[in-house]
Amino acid sequence: MKTIKTVISIIWFFFISISSPLWVGCIYMDITGHSKGYAYDMGSEADIAVFLGIILLLLWLLAVVPVTVSLCKKCYCKKKSLIWIPLLAFAGLFVVGICIIGWNEFIKLFGYGYPWLTDRVQGM
């Protein structure tokens, strides 16, 4: 039963780590009030988007933190120096997730790569 729990934890960790770039980008867009895109003025809908961004952030943390802590604890019990393996694996899988969606698409989630937005920021 312990082995099954560990395997399920690793699969969940893999899935969450790979999808984290998309989660982080969507959370950022919601919290900054740009959930419909950077070319759209949300007006009064921005408050709802910020609230949903906070909810998404809490859900993402709820999905990531417990399994990461559990895997770190398992690695620590094996050998103290192995505690970094889950954290490094998360960082590596995060980068793999960025490669899957593409760097340009990932960076667009944060408002970069839009010509009209870049010109406006440089003009300030």
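You'll find the structure just up there.
Residues numbered from 1 in each chain as written. Predicted model: local features only at pLDDT ≥ 70, side-chain atom pairs only at ≥ 80, totals over all residues. Heavy atoms only, no water.

**Overview of the overall build of the protein chain**
The secondary structure content of the protein chain amounts to 5 helices and 0 strands. Along the protein chain, helices (α) and strands (β) appear in the sequence α-α-α-α-α when read from the amino end. Nonlocal contacts in the protein chain, meaning residues at least 24 apart in sequence, comprise 62% of its contacts between residues at least 6 apart. Total accessible area on the protein chain stands at roughly 8500 Å², and carbon and sulfur atoms take up 74% of it. (Helix = DSSP H or I, 4+ residues; strand = E, 2+ residues; numbered from the N terminus. Contact = heavy atoms within 4.5 Å. Areas by Shrake-Rupley, 256 points an atom, 1.4 Å probe, with all protein chains shown as cover.)

**A look at the nonpolar core**
Among the nonpolar cores identified, the biggest contains 16 residues, and Phe13, Trp60, Val64, Phe90, Phe94, Phe106 and Leu109 are the most heavily contacted of them. Sorting the residues of this core by element identifies helix 1 (2–31), helix 2 (45–78) and helix 3 (85–101) as the ones contributing at least two each. If one sorts the elements of this core by residue count, helix 2 sits on top with 5 residues. The residues touching Phe106, leaving out its near neighbours within four places in the chain, are Pro21, Phe94, Ile98 and Ile101. (Core = buried A, V, L, I, M, F, W, Y, C linked by side-chain atoms within 4.5 Å. Buried < 20%, exposed > 50% of the residue type's maximum accessible area, 1.4 Å probe, protein only.)

**Points about the pattern of salt bridges**
Counted according to the given criterion, the structure contains 1 salt bridge. Among the salt bridges present, the one from Lys108 reaches Glu105, with a minimum N-O distance of 3.8 Å. Of the two residues, Lys108 and Glu105 both sit in helix 4 (residues 103–108), 3 residues apart, roughly one turn of that helix. (Salt bridge = Lys/Arg side-chain N within 4 Å of Asp/Glu carboxyl O.)

**Considering helix 3**
Given 3.6 residues per helical turn, the α-helix brings residues three or four places apart onto the same face. Here helix 3 spans 24 Å end to end across 17 residues, near enough to the 24 Å set by a 1.5 Å rise per residue. Inspection of helix 3 places Pro86, Phe90, Leu93, Phe94, Gly97 and Ile98 among the buried residues, and these make up the whole buried set. Each buried residue of helix 3 lies within a common arc of 150° when the element is viewed along its axis, so the set occupies one face. Pointing more than 90 degrees away from the buried face of helix 3 are the exposed residues Leu88 and Cys99. Those residues of helix 3 hidden inside the fold are in contact with helix 1, helix 2 and helix 4. In the segment just after helix 3, Gly102 is the residue with positive phi, at about 95°. (Expected span 1.5 Å × (residues − 1). Arc of directions from axis to C-beta.)

**Some points on a positive patch on the surface**
Together, Lys2, Lys5, Lys73 and Lys78 give the surface a local cluster of positive charge. Taken together, the elements giving at least two residues each to the positive patch come down to helix 1 and helix 2. (Patch = residues over 30% accessible without salt bridge, like charges linked within 9 Å, V, L, I, M, F, W, Y side chains within 5 Å. Lys, Arg positive; Asp, Glu negative; His and termini not counted. Charge placed at Lys NZ, Arg CZ, Asp CG, Glu CD.)

**So, the side chain of Ser17**
For Ser17, the position within the fold is in helix 1. Given the relative accessible area of 0%, Ser17 is considered buried. Non-local contacts of Ser17, meaning those with residues more than four positions away in its chain, are made with Phe90, Leu93 and Phe94.

**Some words on the packing of aromatic side chains**
What describes a pair of aromatic rings is the distance from one ring centre to the other and the angle between the planes of the rings. Taken as a whole and judged by the stated rule, the model has 7 aromatic pairs. Ring geometry for Trp12 against Phe15: centres 6.1 Å apart, planes inclined by 45°, an arrangement best described as tilted. Linking Trp12 with Phe15, this pair stays in helix 1, spanning 3 residues, or about one helical turn. Note on Trp12: relative accessible area 40%, which makes it partly exposed. Aromatic pair Tyr28 and Phe110: ring centres 5.0 Å apart, planes at 50°, arrangement tilted. With a gap of 82 residues between them, Tyr28 in helix 1 and Phe110 in the loop between helix 4 and helix 5 (115–123) connect regions that are remote in the sequence. Three or more aromatic residues joined by ring pairs form one cluster here, namely Phe13, Tyr28, Phe90, Phe94, Trp103, Phe106 and Phe110. (Phe/Tyr/Trp six-rings, centres within 6.5 Å; stacked < 30°, edge-to-face > 60°.)

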